[in-house]
Every structure is written in C-alpha cells, then in structure tokens.
Amino acid sequence: MNSSTATVATREAGVGGDQYSASAAFFDYDRDGDLDLYVANYVVFDTERLPPEPQLCTFFSGLRVYCGPKGLVGAPDALYRNEGDGAFTDVTQASGVAAANRYYGLGVVPADYDSDGDSDLFVANDETPNVLFQNQGDGTFQDVALIAGVAYNGDGDVEAGMGADFGDYDQDGDPDLYVTHFFTETNTLYRNEGGVRFSDVTTTAGLAAPTVELLGWGTRFFDYDNDGRLDLFVANGHVYPQVDQATTGTTYRQPNQLFRNGGDGRFAPVLAGPGLAQAKVSRGTSFGDYDDDGDIDLFVVELNDAPTLLRNDGGNVGNYFVVQVFGREDNRDGVGTRIGLNAAGKRQWHTVNGAASYLSHSDLRSYFGLGAAQAIDRVEITYPNGSTYAVENVPANKLLVVRQGQGHVLLELGANPF
C-alpha cells in the first residue's frame, strides 16, 4: 500500500510572514520555470495590544460599528521569489512592489493584461487605490493602475476592493477585469482597451444597479451554461450583523449572484436554481468541475455557517472542451500558459491560473463552452517561456492533456491524466 505524508515547510521555505494576510497568488513573474508567491496583507494588527475600549464609528441609521480600515496602518504586501530548491527569497523591496505597500490588500489576480509575454499582477485594495503591477521583464514591477484607469472607478472614486478576476468577456483577445466592492458601491467591470488602458463599463454592461445594494467578495469569470461566453458569479454578504437591526437598505445575509453574458456587451442577472436563492454571509469562492460532468461547479465559504457546494445542473447541455496542461521546462501545473481555441468560427482565450476570486484557489483545468459546436478546429498552447504547441481537428466533450515537450493525449473527462 502506498502512503503519503504532508510536512509543514513554511519556516524552511521562508514564507512565514506574521502579517494579517488575505489572498495570495502563485505565478512565475521572472519566467525561470518555477512559481513565485505574492501575498496581499491587510492591516497591521496586534492581538496582544488591543485597546481596552475599541473606538466605534457611525454607520447608516446611526448604527455603531467597529472602525476600519481607514485610520489603521496598512500591512505591507510581500513578493517571494522561488529559488528552485524549496526555498523562497523575499524580494518585496528589490522588485518594486513595496512602492504600493501603504494600502489594504484583499484580492489578488495575476494576468498578462498587456499581452507582452510576462505575468502582471492586480491587487484589489480596501478603500484605497487598487494596484496594477506591470511586469518590466527585468525582475521589477511598476504600478500603472492610475494611468491604466483601474486605481479608481470611472467616477474617480476609491472603492472597497474585495475580490477580483481577469477574463476575456468580450472575446477580443485581451483580459478584462472585474472587482467586487462594498455596500453602496457597485462592483466594477473594467474593459481592456489594449495597451495600458481600461474603461469602466459597469453601467453600460448592466452590472451597476444589481450590485449597488449588496456587498461582494469572491468572484470569477466562467461559462456556466457552455454557450461560449464568459459569465460572472459574485458571492455576497455584509460585514456588520447590526444592519438587520435598522433600516439601512441592506441585510447581513445576502443572496449570491450569477450574471449571464448576453454576447452584446451586457450581463443580466439569472436565478439558476434554489442554490442561488438562499441568503448567507458568503466570502471566498472556488470554481471547478468537481463531478467531471463538463460544467463548472462552485464552492462557497460562508461566515459562521457550513460551506455551500453549488452543483451546476444543466450547464453541460452545451458542448464543452477541457484542456489540462503540464509543464516541463515551465512550472509543473502550467500556470501562466495561454490557451487559444478556434471552433465554429469563434475564438476563445484562457490563461491557466487558479489564483483569483477572494481567499480562494480554483481548478487549474481550462474549460471552454462550445454551444452546439461538435468539434474544435484548432487549439493553440503558448507556454510561459514562449514555446508553443498546437492540436487540430479534435471532437468536443473531451479532455485534452498536453505535456510540454511530450505531445498530447485525448481522454474522456474524468479519466486519470497521469
């Protein structure tokens, strides 16, 4: 009988910071073949030096609530470079990411937003400007959020950034950005205009009114109905239980939301079954096809409640195609690999990445909805090191396993890829 053990290697790896940490992301920022680690930290907080009488602030309808985060010291984020021997080096200062360490970090998502071949990084900050770290290709980053138009919303207001994800919802070849926010702030959709420029299209996309009265956390672009277009999920829940005691325009427990992409630049809320009708205090959300039936399911972490597993029933009515990448020269899980798919005259893109949403990690397999298309004309794989691989004329509803430098195999979904 084979046995395996897990060992806590935090100290030996050198990534055991003592900050109030939130989301984290593994990505290969220096393109050396191994995964580096970015950790977003929130506030400087010492449990042994708490004030005897915490200062309270006034919320809607005169409710007294704990203050924060403004007035507290923002905890510095950290970037750890993987040395390839099981250890990491703290390169927060040397890489330049320390320049934005005065903020309150919550959500993190890597993506090559400018399509120059290396991984950039977006950090959603609470009540402080967001950060978009542009990879300079020499081991350093520059914060370009202000000039890119994602530091604030389109009105120039700072918002309470919680969760975040990149996804090409308009199918123009570059990743767009979605960020969840606090009650009375809409969640924000930033459309990538190419280069270093985004536009706030929240209102025209139909995503303002449905989100302004809720408080969003975990989120992700994914094709829930396999029609070939990326939809959106948002996990909701307030931070103040007291809001149920007065007329505030909101509630503590809130329903989660699913928005269907209409293909015309607009999203519409959909109530897809009883799982989305329940109201809880939701936070992190992971996305993956746990039952291997061809559609994406959701696992939602709830505050002071059992987690919720939302099984997608019927999303696989449309055909699908799944790609799983294994690296050799690059990292083993293929993180950062860009996958392009051509089917029925349409083109889709996906980048292998499990880090997004909020306090979560998701399935690393790449899912593509095909609608009525029964075959894929061409699949193009571009690894982080720039090497490429292509597969042509493959049937739908299969799992394509691609091993860097070793070819591919076509399997039934659910088969062991190893």
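Residues numbered from 1 in each chain as written. Predicted model: local features only at pLDDT ≥ 70, side-chain atom pairs only at ≥ 80, totals over all residues. Heavy atoms only, no water.

1. Some details on the sheet that holds strand 29 (residues 366–371)
In spatial order, the strands read 29-24-32-33; together these 4 strands make up an open sheet with mixed pairing. Each end of this open sheet is capped by a strand with a single partner; those strands are strand 29 and strand 33 (407–411). The mean inter-strand angle of the sheet, taken between neighbouring strand axes irrespective of direction, is 20°. Relative to strand 29, strand 24 (residues 319–326) runs antiparallel, the two being bridged by 5 bridges. By the bridge assignment for strand 29, Phe321 is matched with Phe368. (Pairing = 2+ DSSP bridges. Helix = DSSP H or I, 4+ residues; strand = E, 2+ residues; numbered from the N terminus. Axes fitted to C-alpha atoms, helices over the stretch in contact; angles between N-to-C directions.)

2. Digging into the pairing of strand 33
As defined by bridge partners, strand 32 (residues 399–403) adjoins strand 33 across 5 bridges and the pair is classed as antiparallel. Among the inter-strand pairings, Val401 is bridged to a residue of strand 33, identified as Val409. Taking the residues between adjacent antiparallel strands as the criterion, strand 32 and strand 33 are bridged by 3 residues, where Gly405 takes a positive phi near 75°.

3. A few points about the packing of aromatic side chains
Counted under the stated rule, the structure contains 17 aromatic pairs. Judged by centre distance (5.9 Å) and plane angle (75°), the rings of Phe233 and Phe287 are edge-to-face. Residue Phe233 is found in strand 16 (residues 231–236), and its partner Phe287 is found in strand 21 (residues 282–288); the two are separated by 54 residues along the sequence. Put simply, the rings of Phe27, Tyr29, Tyr38, Phe133 and Phe141 pair up and form one aromatic cluster. In this structure, Arg403 packs its charged tip against the face of Phe326, placed 4.6 Å from the ring centre. (Phe/Tyr/Trp six-rings, centres within 6.5 Å; stacked < 30°, edge-to-face > 60°. Lys NZ or Arg CZ within 6 Å of the ring centre and 35° of its normal.)

4. Re the state of the cysteines
Here the structure, examined in full by the defined rule, presents 1 disulfide. For Cys57, the disulfide goes to Cys67, at an S-S distance of 1.8 Å. Judged by the sign of its S-S torsion, about 110°, the cystine formed by Cys57 and Cys67 is right-handed. A residue pair is termed long-range when its members are at least 10 positions apart, and Cys57 in strand 3 (residues 56–58) and Cys67 in the loop between strand 4 (64–66) and strand 5 (78–82) qualify at 10 residues. On the accessibility criterion, Cys57 (31% relative accessible area) is partly exposed. (Disulfide = S-S within 2.5 Å. Buried < 20%, exposed > 50% of the residue type's maximum accessible area, 1.4 Å probe, protein only.)

5. Topic: the pairing of strand 9 (residues 131–135)
Of all 5 residues in strand 9, 5 are buried; the element is thus mostly enclosed. Here strand 9 shows no split at all, with Val131, Phe133 and Asn135 on one side and Leu132 and Gln134 on the other all buried. Note that strand 8 (residues 120–125) and strand 9 share 3 bridges and pair antiparallel. Residue pairing for strand 9: Phe122 is matched across the bridge by Leu132. Hairpin connection of strand 8 to strand 9: 5 residues between the antiparallel strands, including Glu127 at a positive phi of 55°.

6. Topic: the pattern of salt bridges
The final tally for this structure, using the stated rule, is 14 salt bridges. Its salt-bridge partner being Arg311, residue Asp313 comes within 2.8 Å of it at the nearest N-O pair. Accessibility expressed as a relative area gives 56% for Asp313, which makes it exposed. Looking at Arg311, the relative accessible area reads 49%, which means it is partly exposed. Here Arg378 and Glu392 are joined by a salt bridge, their closest N and O atoms 2.5 Å apart. With Arg378 in strand 30 (residues 375–382) and Glu392 in strand 31 (residues 388–395), this pair connects stretches of sequence that are 14 residues apart. (Salt bridge = Lys/Arg side-chain N within 4 Å of Asp/Glu carboxyl O.)

7. Re the side chain of Asn135
Along the chain, Asn135 turns up in strand 9. Take Asn135: its relative accessible area is 3%, and that puts it in the buried class. From its side chain, Asn135 meets the backbone oxygen of Tyr29 in a polar contact 2.9 Å long. Here Asn135 is in contact with Tyr29, Asp116, Asp118, Ser119, Asp120, Thr140 and Phe141, once residues within four sequence places are set aside. (Polar contact = N/O pair within 3.5 Å; in protein donor to acceptor, adjacent residues only side chain to side chain. Contact = heavy atoms within 4.5 Å.)

8. Considerations on the environment of Val196
Within the element layout of this structure, Val196 appears in the loop between strand 13 (188–192) and strand 14 (198–200). The class for Val196 is partly exposed, based on a relative accessible area of 30%. Taking the C-alpha atoms as reference points, Val196 and Glu12, 184 residues apart in sequence, are found 39 Å from one another. Residues within four places of Val196 in sequence aside, it is in contact with Tyr113, Gln134, Val144, Ile147 and Ala148.

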